[in-house]
Structure formats: C-alpha cells, structure tokens
Amino acid sequence: MLKAYADKYNVAAAVASIAPENVNIVMTDVQKNNFIQERTLKEAKQQSSMDYYAVAMTTMIALYGAIYASSLIRSERVRNTALRLVAAPIGKGEIFLGKILGYLFVNALCLLVVIIFSHFAFKANWGDHIGLVFILLLSEVFLALSIGLGISYMAKTPDASKMIIMVFLQLSSFFGGAYFKIENAKGILGFITNLSPLTWANQAITKIIYMNDFGPFFQAISLNLGISVLFLGIAIFIFQRREGL
C-alpha cells in the first residue's frame, strides 16, 4: 500500500516535468476499488445504560412497594380506624381483599406511568413484548405486597417491620443490580445475587427484550408467585386468628 501511494506521486512528478497542465488529471482520475467485501448478519439490539436503568429502576420501584404494603392493615390500627371497619356491614375477608386489590391497582398504574414516561421521554427500549414484561412486573408487585404484609404481621412492632423490610430492600437492590450492573458473578457473590428478586426479574426482562427468550420469564413468575403465596399465607393465617384487623 505504501509503494502504491508513492508510485502515484512519482507518476504525478513525471507528468509535471513534461506536461504540468495535466497533473490535475493524474491526481483526480483515480479509480477506487473495494478489495474487501463485508457482509454482516442483522445487527443485534444493544442495551444502552438508559435501557438498563429503565428496567432496573422500574423493578426496584415495584419491590419498594413492600414498605407501603407493610402498613396496609397496620395503619388502620394505628389511626384507630380498624374498629370502624370491623363494625361496618362487611366481613374481615372483604376488607383484606379490598386492601390487596386497591394496592395492586395503584402500584400497577404507577409502573405503567414509569414505563410510558421512560419510553417516550428517555427513549428506553422495552421491546416488542411489553405485555409479558408488564405481567412480570405485576408478579413482582404481588411479591412486594405479600412480603410487606407477611413481615408486618410477623414483626411485633411497626418499627421492627420497617427495619426488616428496609434491610431486605437495600440488600436486594444492591445485589440485584439496581445501583450498578453485576455481570458474570460467581461463587458466593453469584449465589447471593441470585437470591435477589431483582436479579431474576431484570434478567428475565432483558432476555425478553433482546433475545426473545421466554424461559426466564416463566422461572421469574414461578419464583415470585411461590414466595408470594408463602408470605401471603402467613399474613392470612395470623389475620384470621387475630381479633379485629
């Protein structure tokens, strides 16, 4: 390549010594040849930092709903409104179910607002299967509800339940990649990160968006619902045995 480059200007120098007016013709009349042909597969979608944190922050927001869920029933006792609810012409089960349905509706609406805003304001990529992503987020909302209710009934005081939930949320967020991305974790770190609900939620959503892989989706749904049934069962058991709410 260097020799060809030098020969080009040697020719120009020779032409200049004989017919200077033709130098421009020599310099401009250069045939361009593409000796290397490139062919690529369809370019894969790459996850930007905005795409990553749009997912990570949304799943973290869903899990942080456990704080509000812990006071869902307890707040009625603290504000002395539990007696009014018990005296109302409705059963305890209806009160409990109404609290749960109201919580799920409000949190689902908040998540929907976050997804829409991040998509249109920050151009975050939520993929072509937004319905499955939203279902997975709803299962995480249900998980947060169950954990919050279960711990609130098992803990003796409101402060104790809030402390337990805050520690759980901070550890889940840290090891679940909400603050920074954790990749290829192995050994003890890998074991701990896999215990975080955010880990399996973020991985499942990422694979749905970028790989059309739905296997992790069913795994995450199963884990969320399984743990939810356990904690919600504990809350219902204590709720039924307790006088009032």
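What comes next is a walk through the structure. (Residues numbered from 1 in each chain as written. Predicted model: local features only at pLDDT ≥ 70, side-chain atom pairs only at ≥ 80, totals over all residues. Heavy atoms only, no water.)

Quick look at the overall build of the protein chain now. When its secondary structure is counted, the protein chain shows eleven helices and zero strands. Counting from the amino terminus, helix and strand elements in the protein chain follow one another as α-α-α-α-α-α-α-α-α-α-α. Here the C-alpha atoms of the protein chain give a radius of gyration of 30 Å, more than 25% beyond the 18 Å that 2.2 N^0.38 yields for 245 residues. Its C-alpha atoms put the protein chain at 110 × 40 × 30 Å along the principal axes. (Helix = DSSP H or I, 4+ residues; strand = E, 2+ residues; numbered from the N terminus. Rg over C-alpha atoms; globule rule 2.2 N^0.38 Å.)

Membership of the largest hydrophobic core comes to 44 residues, with the highest contact counts inside it found for Phe96, Leu145 and Leu149. Listing elements by their share of this core, those giving two or more residues are helix H3 (49–70), helix H6 (92–122), helix H7 (130–154), helix H8 (158–175), helix H10 (197–211) and helix H11 (215–241). It is H7 that provides the largest number of residues to this core, a total of twelve residues. In this structure, leucine 145 is in contact with Ala69, Leu72, Ile100, Tyr103 and Leu104, ignoring residues within four places of it in sequence. (Core = buried A, V, L, I, M, F, W, Y, C linked by side-chain atoms within 4.5 Å. Buried < 20%, exposed > 50% of the residue type's maximum accessible area, 1.4 Å probe, protein only. Contact = heavy atoms within 4.5 Å.)

The next subject is a nonpolar patch on the surface. On the surface, Phe105, Val106, Leu109, Leu112, Val113, Ile116 and Phe120 cluster together into a nonpolar patch covering about 690 Å² of accessible area. Mapping phenylalanine 105 onto the fold places it in helix H6. On the accessibility criterion, phenylalanine 105 (57% relative accessible area) is exposed. (Patch = residues over 30% accessible without salt bridge, like charges linked within 9 Å, V, L, I, M, F, W, Y side chains within 5 Å. Areas by Shrake-Rupley, 256 points an atom, 1.4 Å probe, with all protein chains shown as cover. Salt bridge = Lys/Arg side-chain N within 4 Å of Asp/Glu carboxyl O.)

This part covers unusual backbone geometry. Phi at lysine 123 takes a positive value of approximately 60°, unusual for a residue other than glycine. A relative accessible area of 64% places lysine 123 in the exposed class.

Pairs can form between side chains of opposite charge once their charged atoms are near each other. Here the structure, examined in full by the defined rule, presents two salt bridges. The residue lysine 3 makes a salt bridge to aspartate 7 at a minimum N-O spacing of 3.0 Å. Note that lysine 3 and aspartate 7 are positioned in helix H1 (residues 2–18) at a spacing of four residues, about one turn of the helix. For glutamate 183, the salt bridge goes to lysine 181, with nearest N and O atoms at 3.3 Å. When its relative accessible area of 43% is taken as the criterion, lysine 181 is described as partly exposed.

For the rest of this paragraph, the subject is the packing of H6 against H7. Closest axis-to-axis distance for the H6/H7 pair is 10 Å, and the angle between their directions is 135°. The angle between H6 and H7 falls in the class oblique. Crossing angle aside, the handedness with which H6 passes H7 is right-handed. Side by side, H6 and H7 meet where Phe96, Ile100, Tyr103, Leu104, Asn107, Ala108, Leu111, Leu112 and Ile115 of the first sit next to Ile130, Phe134, Leu137, Leu138, Val141, Phe142, Ala144, Leu145, Leu149 and Tyr153 of the second. Looking at side-chain class alone, the contact of H6 with H7 contains 18 nonpolar, one polar and no charged residues. (Axes fitted to C-alpha atoms, helices over the stretch in contact; angles between N-to-C directions. Parallel < 35°, antiparallel > 145°, perpendicular 65-115°, else oblique. Left-handed = near helix turned anticlockwise from the far one by under 90°. Nonpolar A, V, L, I, M, F, W, Y, C, P; charged D, E, K, R; others polar.)

Further remarks concern H10. For an α-helix, the turn length of 3.6 residues means that residues three or four places apart are oriented alike. With 15 residues, H10 ought to run about 21 Å at 1.5 Å a step, and its terminal C-alpha atoms sit 21 Å apart, in line with that. For H10, the buried fraction is high: eleven of the 15 residues fall into the buried class. Within the span of H10, buried status applies to Pro197, Leu198, Thr199, Trp200, Ala201, Asn202, Ala204, Ile205, Ile208, Ile209 and Tyr210. Against H3, H7, H8, helix H9 (187–193) and H11 lie the buried residues of H10. (Expected span 1.5 Å × (residues − 1).)

All chains considered together, the criterion is met by eight aromatic pairs. When the ring of phenylalanine 174 is compared with that of phenylalanine 175, the centres are 5.0 Å apart and the planes differ by 85°; the resulting orientation is edge-to-face. Pairing phenylalanine 217 with phenylalanine 218 gives two aromatic rings, centres 5.1 Å apart and planes at 75°, and the pair type is edge-to-face. Among the residues examined, phenylalanine 218 registers a relative accessible area of 54% and is labelled exposed. The rings of Phe96, Tyr153 and Phe239 are connected pair by pair, giving a single aromatic cluster. A cation sits over an aromatic face here: lysine 92 above phenylalanine 239, 4.7 Å from the ring centre. (Phe/Tyr/Trp six-rings, centres within 6.5 Å; stacked < 30°, edge-to-face > 60°. Lys NZ or Arg CZ within 6 Å of the ring centre and 35° of its normal.)

Glancing now at the packing of H8 against H10. Following both chains from N to C, one finds H8 and H10 inclined at 40°, their axes separated by 7 Å at the closest point. On the basis of the axis angle, H8 is oblique to H10. The handedness of the crossing between H8 and H10 comes out as right-handed. Contacts between H8 and H10 involve Phe168, Ser172, Ser173 and Phe175 on the former and, on the latter, Pro197, Leu198 and Thr199. Grouping the constituent residues of the contact of H8 with H10 by class yields four nonpolar, three polar and no charged.

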